[in-house]
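Each chain is listed here by its residues.
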Amino acid sequence: ELQSTMQPCASLIENYKTPNGYQTELLKIFFLVLQVTYFIQCGQAKSVRNTLKSLQHYISAILNRFESSSTSDPTLAEWHAISNGSPFESLRWLHKDHLGLLANVLNVTHLVQTGALEKANELVVRTLGSVEKLRNRESGPSTTPLLARYLLTSASFITNRFHIQLLENQVR
């Protein structure tokens, strides 16, 4: 039943046009994450391969666009790029660093399901290094403003959750 709902949604997202290209890409990434997690949860590891590759491609493309932005502060560049335009069309569900981690966590889960445990373990080790770098950055100085500390705390929660998921897959 979910598959029959996803098909029309995919075509609606494909045809969705907004003046802000970042929003369209983030919406596609969000939908691809839903598809990948659905397939993984159903145990259809072979069916998810192409969707997972598309997800990785979109995340890589948007991360490259954020990095090549002309603003000196990458987080500020990301925020300006996403919030440009109508606030009702703004979708910012994960920070760019967490998008990369999410792609790796989903890829590890897929590799474990397909039985490629060596590759999964290698990816877990690499991703744990990224998690540690992100944790160090998120534990900013205590002099940061209250709103920034709140945002860092919620980002830290997401990082910790990804860390736990990676450790769970490493144990298998």
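Rules used throughout
- Residues numbered from 1 in each chain as written.
- Predicted model: local features only at pLDDT ≥ 70, side-chain atom pairs only at ≥ 80, totals over all residues.
- Heavy atoms only, no water.
- Helix = DSSP H or I, 4+ residues; strand = E, 2+ residues; numbered from the N terminus.
- Buried < 20%, exposed > 50% of the residue type's maximum accessible area, 1.4 Å probe, protein only.
- Contact = heavy atoms within 4.5 Å.
- Areas by Shrake-Rupley, 256 points an atom, 1.4 Å probe, with all protein chains shown as cover.
- Expected span 1.5 Å × (residues − 1).
- Phe/Tyr/Trp six-rings, centres within 6.5 Å; stacked < 30°, edge-to-face > 60°.
- Core = buried A, V, L, I, M, F, W, Y, C linked by side-chain atoms within 4.5 Å.
- 1 Å grid on protein atoms, 1.4 Å probe; cavity = no way out; pocket = protein on both sides within 12 Å on 5 of 7 lines; lining within 4 Å.
- Points joined across faces, edges and corners; volume = space filled by probe spheres on them.
- Axes fitted to C-alpha atoms, helices over the stretch in contact; angles between N-to-C directions.
- Parallel < 35°, antiparallel > 145°, perpendicular 65-115°, else oblique.
- Left-handed = near helix turned anticlockwise from the far one by under 90°.
- pLDDT = per-residue confidence, 0-100.

## Things to note about the overall build of the protein
Along its length, the protein carries seven helices and zero strands. Overall, the protein shows an N-to-C arrangement of helices and strands of α-α-α-α-α-α-α. Here the protein holds 172 residues, and the buried ones make up 36% of them. Considering only intrachain contacts with a sequence separation of at least 6, the fraction spanning at least 24 residues in the protein is 66%. With the model as given, the accessible surface of the protein reaches about 10,300 Å², and the carbon-plus-sulfur share is 56%.

## Side note on helix α5 (residues 96-114)
For α5, built from 19 residues, the straight-helix expectation of 27 Å at 1.5 Å per residue is met to within 8% by its first-to-last C-alpha distance of 27 Å. Taken across its 19 residues, α5 has 14 buried, putting it largely inside the fold. Directly after α5, the chain includes Gly-115, whose backbone phi takes a positive value near 90°.

## Focus: the packing of aromatic side chains
Under the definition given, this model contains one aromatic pair. An angle of 55° between the planes, with centres 5.6 Å apart, marks the rings of Tyr-38 and Phe-39 as tilted. In this structure Phe-39 comes out as buried when scored by relative accessible area, which is 10%.

## Notes on the nonpolar core
Residues Ile-29, Val-36, Leu-55, Ile-62, Leu-99, Leu-106 and Leu-166 are the most contacted members of the largest nonpolar core, which totals 36 residues. Put simply, the parts of the chain that give this core at least two residues each are α1 (2-15), α2 (21-41), α3 (49-67), α5, α6 (117-138) and α7 (146-171). Broken down by element, the residue count for this core peaks at ten residues, all from α2. If we skip the residues at most four places from it in the chain, Leu-166 touches Val-105, Val-108, Val-124, Thr-127, Leu-128 and Val-131.

## What about the layout of surface pockets?
In this structure, the second largest pocket occupies an estimated 330 Å³ of space. Forming the walls of the second largest pocket are 13 residues, and the residues nearest its centre are Ile-40, Val-105, Leu-106, Thr-109 and Gln-165. Listed by contribution, the elements that provide at least two residues to the lining of the second largest pocket are α2, α5 and α7. Of all the elements, α5 adds the most residues to the lining of the second largest pocket, at five residues.

## What to know about the packing of α3 against α5
Here α3 crosses α5 at 160°, and the two axes come no closer than 10 Å. It follows from the interaxial angle that α3 and α5 lie roughly antiparallel. Of the two elements, α3 crosses α5, and the hand of that crossing is left-handed. Contacts between α3 and α5 pair Arg-49, Leu-52, Leu-55, Gln-56, Ile-59, Ile-62, Leu-63, Phe-66 and Glu-67 from the former with Lys-96, Leu-99, Gly-100, Ala-103, Leu-106, Asn-107, His-110 and Thr-114 from the latter.

## Examining the confidence of the model for the protein
Overall, the predicted model of the protein reaches an average pLDDT of 75, with 71% of residues at or above 70. The lowest-confidence element of the protein is helix α4 (residues 74-83), averaging 51 in pLDDT; the highest-confidence one is α5, averaging 87.

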